[in-house]
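What follows is each chain in one-letter form.
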Amino acid sequence: MATPSAQWLCSSDNLSEGGLGVRFEVAGQAAFAIRYQGHVYAYLNQCRHIPVEMDYRDGDFFDLSKHYLICALHGATYQPDTGLCVRGPCRGSRLHSVKVEERDGQVYLVPPACNGENSQ
Ligand code: FES
């Protein structure tokens with residue numbers, strides 16, 4: 001069941017496996033959604049090494065293997081499904097996740113007030 005106040009982000013077709021992500025804003029902060037192993041994940045677009053946006057070009061978050069997200073500045077490498085940094089200067093830290101849901105071929109942002117999570 002969809003959350004009534006969920007905000008539309010994009011069509012499911014806009015997120016291909018290991019392909020370009022969709023950029024959006026949540027509470028005034030840059031964020032992005034990607035598809036990995038069939039699921040949609042979203043994070044604040046903020047590297048945990050230095051709080052800069054991570055994409056090489058707009059929406060280009062995956063490395064060449066298409067199995068990791070990579071920061072274009074110094075190469076911090078994150079697991080797409082957990083946001084855990086597994087290689088680079090901030091190894092062991094995690095991207096800030098953003099709750100999204102996919103239903104009926106569309107992807108929606110679930111606002112923090114509705115998902116019980118805080119912004120940490
Ligand atoms: S700013 Fe992302 S790895 Fe340094």
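Quick note: structure is the one above.
Reading the values: rules and limits
- Residues numbered from 1 in each chain as written.
- Predicted model: local features only at pLDDT ≥ 70, side-chain atom pairs only at ≥ 80, totals over all residues.
- Heavy atoms only, no water.
- Pairing = 2+ DSSP bridges.
- Helix = DSSP H or I, 4+ residues; strand = E, 2+ residues; numbered from the N terminus.
- Axes fitted to C-alpha atoms, helices over the stretch in contact; angles between N-to-C directions.
- Buried < 20%, exposed > 50% of the residue type's maximum accessible area, 1.4 Å probe, protein only.
- Salt bridge = Lys/Arg side-chain N within 4 Å of Asp/Glu carboxyl O.
- Contact = heavy atoms within 4.5 Å.

**Student:** How do you make sense of the sheet that holds strand S9 (residues 106-109) when you look at a structure like this?
**Tutor:** Strands belonging to one sheet form pairs held by backbone hydrogen bonds; the direction of such a pair is parallel or antiparallel. If you walk across this open sheet you meet the three strands as S1-S9-S8, and the pairing is antiparallel. At either margin of the open sheet sits one strand with a lone partner, and together these are strand S1 (7-11) and strand S8 (100-103). Ignoring which end each strand starts from, the neighbouring axes of this sheet average 30 degrees apart. Of the pairings in the sheet, the one linking S8 to S9 comprises four bridges and is antiparallel in character. Residue Glu-102 lies in a different strand from S9, and its bridge partner there is Val-107.

**Student:** What's the story with the pairing of strand S3 (residues 29-36) in this structure? I'm lost.
**Tutor:** The side chains of a regular strand alternate between the sheet's two faces. The buried fraction of S3 amounts to six of the eight residues, a majority that puts the element mostly inside the structure. Note that strand S2 (residues 22-26) and S3 share five bridges and pair antiparallel. Bridge pairing in S3 places Phe-24 opposite Ala-31. In sequence, S2 turns back onto S3 through a hairpin of two residues, with Ala-27 there showing a positive phi of about 50 degrees. Hairpin remark: S3 followed by strand S4 (residues 39-44), antiparallel, with two residues in the connecting loop; positive phi at Gln-37, about 50 degrees.

**Student:** Just to check I follow, could you spell out the pattern of salt bridges for this structure?
**Tutor:** Pairing is possible between side chains that carry opposite charge, provided their charged atoms lie close to one another. Evaluated as defined, the whole model comprises six salt bridges. The closest approach of N and O atoms between Arg-23 and Asp-58, which form a salt bridge, is 3.8 Å. Taken together, the residues span a long stretch of sequence, with Arg-23 in strand S2 and Asp-58 in the loop between S4 and strand S5 (69-70) at a distance of 35 residues. Residue classification places Asp-58 among the exposed positions, given a relative accessible area of 61%. The salt bridge partner of Arg-35 is Glu-102, with a shortest N-O separation of 2.6 Å.

**Student:** What is the right way to read the environment of Leu-95 from this model?
**Tutor:** Tracing the chain through its elements places Leu-95 in the loop between strand S7 (85-87) and S8. For the pair Leu-95 and Gly-83, spaced twelve residues apart in the sequence, the C-alpha separation amounts to 4.8 Å. Dropping the residues within four chain positions of it, Leu-95 is found in contact with Phe-32, Tyr-43, Gln-46, Arg-48, Met-54, Leu-69, Tyr-78 and Gly-83.

**Student:** Sorry if this is basic, but what is going on with the environment of Cys-90 here?
**Tutor:** Mapped onto the elements, Cys-90 comes out in the loop between S7 and S8. Cys-90 sits 41 residues away from His-49 along the chain, and the two C-alpha atoms are 5.1 Å apart. Each residue touching Cys-90, except ones within four places of it in the same chain, is listed here: Cys-47, Arg-48, His-49, Ala-76, Tyr-78 and Cys-85.

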